[in-house]
Amino acid sequence: MSDYGIHWFRRDLRLTGNAALERNLARHPGRVLGVFTFDRKFLARPDFSHGRFLFFLRTLENLRDEMRALGGDLLFLDEGPDAAFPSLLDTLRKSSLGLPKMVSFNRDYEPFARARDLRLSELFENRYGLLIHSERDHLLVEPEELSKDDEGGFYQVYSPFKRKWLGIFANGETNSRLREVGKWLKNGPPEFALRWDNPAFVKTGKPIFKQTGVLETYIEETSKRVPASLVARGPKIGHAAAKEALKNFRDDWLAGYGEQRDIPSLSGTSKISVYLKNGTLTVPQVICLLKLTADSPHIKYFQELIWREFYYHILYHCPRVENEAFLKKYANLPWGNNPEWFKKWCEGRTGYPIVDAGMRQLNETGWMHNRVRMVVASFLTKDLLIDWKWGEKYFMEKLLDGDLAPNNGGWQWAASTGCDPQPYFRIFNPTSQGEKFDPEGKYVKQWVPELAGVPVKTIHDPKNPIVDHSVQRNLALALYKAARAPQ
Ligand SMILES: Cc1cc2nc3c(=O)[nH]c(=O)nc-3n(C[C@H](O)[C@H](O)[C@H](O)COP(=O)(O)OP(=O)(O)OC[C@H]3O[C@@H](n4cnc5c(N)ncnc54)[C@H](O)[C@@H]3O)c2cc1C
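Read on for an overview of the structure. (Residues numbered from 1 in each chain as written. Predicted model: local features only at pLDDT ≥ 70, side-chain atom pairs only at ≥ 80, totals over all residues. Heavy atoms only, no water.)

Thoughts on the sheet that holds strand S3 (residues 74-77)
So, point 1. Pairing is parallel in the open sheet, where five strands are placed in the order S3-S2-S1-S4-S5. The strands lining the two open edges of the sheet, one partner per strand, are S3 and strand S5 (131-135). Here the strands of the sheet are splayed against their neighbours by 25° on average, with no regard to which way each runs.
So, point 2. Pairing of strand S4 (residues 102-106) with S5, which is carried by five bridges, proceeds in the parallel orientation. Its bridge partner being in S5, Ser 104 is matched across the sheet by His 133.
So, point 3. In the packing of helix H2 (residues 50-69) onto the sheet, the strands contacted are strand S2 (32-37) and S3, and the crossing angle to S3 comes to about 145°.
So, point 4. Sheet contacts for helix H4 (residues 111-127): strand S1 (5-8), S4 and S5; angle to S1, the most-contacted strand, approximately 170°. (Pairing = 2+ DSSP bridges. Helix = DSSP H or I, 4+ residues; strand = E, 2+ residues; numbered from the N terminus. Axes fitted to C-alpha atoms, helices over the stretch in contact; angles between N-to-C directions. Contact = heavy atoms within 4.5 Å.)

So, in structure tokens, the structure goes:
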């Protein structure tokens, strides 16, 4: 029996431009088995989202179907990797196939994932003697590559981070992925030919593993908990759909992105965050497709992709932000945490039209426009004086693109507890934000239908507001000021 490999899929749910999978296939042409391990503990997470889980499962199903169409397969193992891999590898060892030669995976930068990968790498190498091949994928420039020139340490402010990031990108020689992007920019993405022999199941006559329909069962069970309207309005599934969404954005909106990206009534943004989250699409592919260069006229869009990398960078170098304020002086702000106000905020019933529109868009579609995310986050923390961690968790429960690094970064930015030079007194006025970015009230009228008949002139005025912005603003200033005072 000739050598074969296993590719461990995690948040790289696509076949094209998947570096680790490509390397594995190059070594074992046509003989790589895909594996996904699912840890049930995940279902009990406090910020678990049925909507996001369903989107993830359907993406996985789509990937499996693509692999099957190519003669391969994706094993869905209904256990966490610490239990699933020993039982898989022990079974393989005893089978006619024997052990694989290699396990490949793409790197993940979240604290729990880094610890998991260390543990599993040790298991693969030491207990089973397997080769491990890991690659960059989720980020284009990895956190370890970006240290401050003179002082060492890590970047804590976006602008210098961006300059350094773009410098590395323009240089293009520092790593293979960047070189590859350079090549793609000239030639377009390479064709990725796969030839699958499907080592484990089909060719051996008698299947070694039976796929018991676990994935289908999870999909069925989760579907019951997600409103049909959310599924119907949600994004299409899979790499081809992601590419199509990006191409449509390129053709219709990219040229005007700088001006239109802040107008929530337009479809002026790319809506690819949900695909980047699961690796259905990667940053190098976005760069290739949109032909982004360091001096690109579309630098504004490029900068947003760099924001995403920045927040991963912060999480990687400062993992404690997952549980606490980046700025230690704001770790114990005495939040009011009024549960009634929180409920009204969640439901989109605060009386501030732009806030209510944003929350209802989130509840109904699993996505919210970035400008409005900033407004509702500022409102929760600086007007309602509610802990940003409550809002962060609620977003994770609802967002289809919910992702620890950018979500935590976005919330800490809005709450002024994060790594941002802007001082604590940046407080968004929800009325003037509405007037500026939704001047005709189109966005508000779409999501808050009871305001459909209100004249444009007064559309953003508060309607029976739960708090008075000018009063709350002063309370917020006092709250932060007290925390800054020397003890
Ligand atoms: C409070 C708050 C919470 C957020 N939570 C998340 C989250 O859980 N997951 C998530 O992916 N993004 C989050 N963001 C960032 C941003 O709102 C979304 O990435 C963006 O709205 C996604 O829509 P898009 O793909 O059309 O963006 P586009 O405007 O088309 O931008 C392209 C890509 O750049 C990245 N990007 C854009 N804006 C930001 C930003 N401000 N910070 C980091 N990356 C950015 C995203 O990957 C996005 O897909 C949050 C922002 C705030 C203020």
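Further notes follow.
Focus: the environment of Arg 45
So, point 1. Mapped onto the fold, Arg 45 is located in the loop between S2 and H2.
So, point 2. The exposure class assigned to Arg 45 is partly exposed, which follows from its relative accessible area of 38%.
So, point 3. Remark: the alpha-carbon pair of Arg 45 and Ala 245, spanning 200 residues in sequence, is separated by 31 Å.
So, point 4. At a separation of 2.9 Å, a polar atom in the side chain of Arg 45 contacts the side chain of Asp 47. (Buried < 20%, exposed > 50% of the residue type's maximum accessible area, 1.4 Å probe, protein only. Polar contact = N/O pair within 3.5 Å; in protein donor to acceptor, adjacent residues only side chain to side chain.)

Re the site of the ligand
So, point 1. The ligand sits among 28 residues. The nearest are Tyr 257, Thr 269, Ser 270, Lys 271 and Asn 370.
So, point 2. Here a nitrogen atom of the ligand sits 3.5 Å away from a polar atom, N or O, in the main chain of Arg 308.
So, point 3. Between the ligand and Trp 367, the relevant distance is 3.3 Å, taken from an oxygen atom to a side-chain nitrogen or oxygen of the residue.
So, point 4. When isolated, the ligand has an accessible area of 820 Å², and the protein chains bury 96% of it.
So, point 5. Sorting the residues of the shell around the ligand by element identifies helix H11 (273-278), helix H13 (299-317), helix H16 (370-383) and helix H18 (404-414) as the ones contributing at least two each.
So, point 6. Per-element accounting of the shell around the ligand gives the leading share, six residues, to H13.
So, point 7. Here the shell around the ligand is composed, by residue class, of 15 nonpolar, seven polar and six charged. (Near = heavy atom within 4 Å. Areas by Shrake-Rupley, 256 points an atom, 1.4 Å probe, with all protein chains shown as cover. Nonpolar A, V, L, I, M, F, W, Y, C, P; charged D, E, K, R; others polar.)

A word on the side chain of Asp 387
So, point 1. As for its position among the elements, Asp 387 is in the loop between H16 and helix H17 (388-398).
So, point 2. Judged by relative accessible area, Asp 387 falls into the buried class, the value being 11%.
So, point 3. Excluding residues within four positions of it along the chain, Asp 387 makes contact with Trp 335, Asn 337 and Leu 380.

Description of empty space enclosed by the protein
So, point 1. The full count for this structure, using the stated rule, is three cavities of 30 Å³ or more.
So, point 2. What the largest cavity holds in volume is close to 110 Å³.
So, point 3. Of all the secondary-structure elements, those providing two or more residues to the lining of the largest cavity are H13 and H18.
So, point 4. Among the elements that line the lining of the largest cavity, the one with the most residues is H18, at six residues.
So, point 5. In the lining of the largest cavity, the residues fall into 11 nonpolar, four polar and one charged.
So, point 6. Approximately 90 Å³ is the volume attributed to the second largest cavity.
So, point 7. Of all the secondary-structure elements, those providing two or more residues to the lining of the second largest cavity are H2 and helix H8 (228-233).
So, point 8. Considering every element that reaches the lining of the second largest cavity, the biggest residue donor is H2, with four residues.
So, point 9. Counted by class, the lining of the second largest cavity contains eight nonpolar, two polar and one charged residues. (1 Å grid on protein atoms, 1.4 Å probe; cavity = no way out; pocket = protein on both sides within 12 Å on 5 of 7 lines; lining within 4 Å. Points joined across faces, edges and corners; volume = space filled by probe spheres on them.)

A few points about the pattern of salt bridges
So, point 1. One pass over the full model with this rule turns up 34 salt bridges.
So, point 2. When the shortest N-O distance is used, the salt bridge between Arg 23 and Glu 135 registers 3.4 Å. With a gap of 112 residues between them, Arg 23 in helix H1 (residues 19-27) and Glu 135 in strand S5 connect regions that are remote in the sequence.
So, point 3. Of the charged contacts, one joins Asp 387 and Lys 389 as a salt bridge, the two residues approaching to 3.5 Å between their closest N and O atoms.
So, point 4. By relative accessible area, which is 28% here, Lys 389 ends up partly exposed.
So, point 5. Connected through shared salt-bridge partners, Arg 10, Arg 11, Asp 108, Glu 110, Arg 116, Asp 117 and Asp 403 make up one network. (Salt bridge = Lys/Arg side-chain N within 4 Å of Asp/Glu carboxyl O.)

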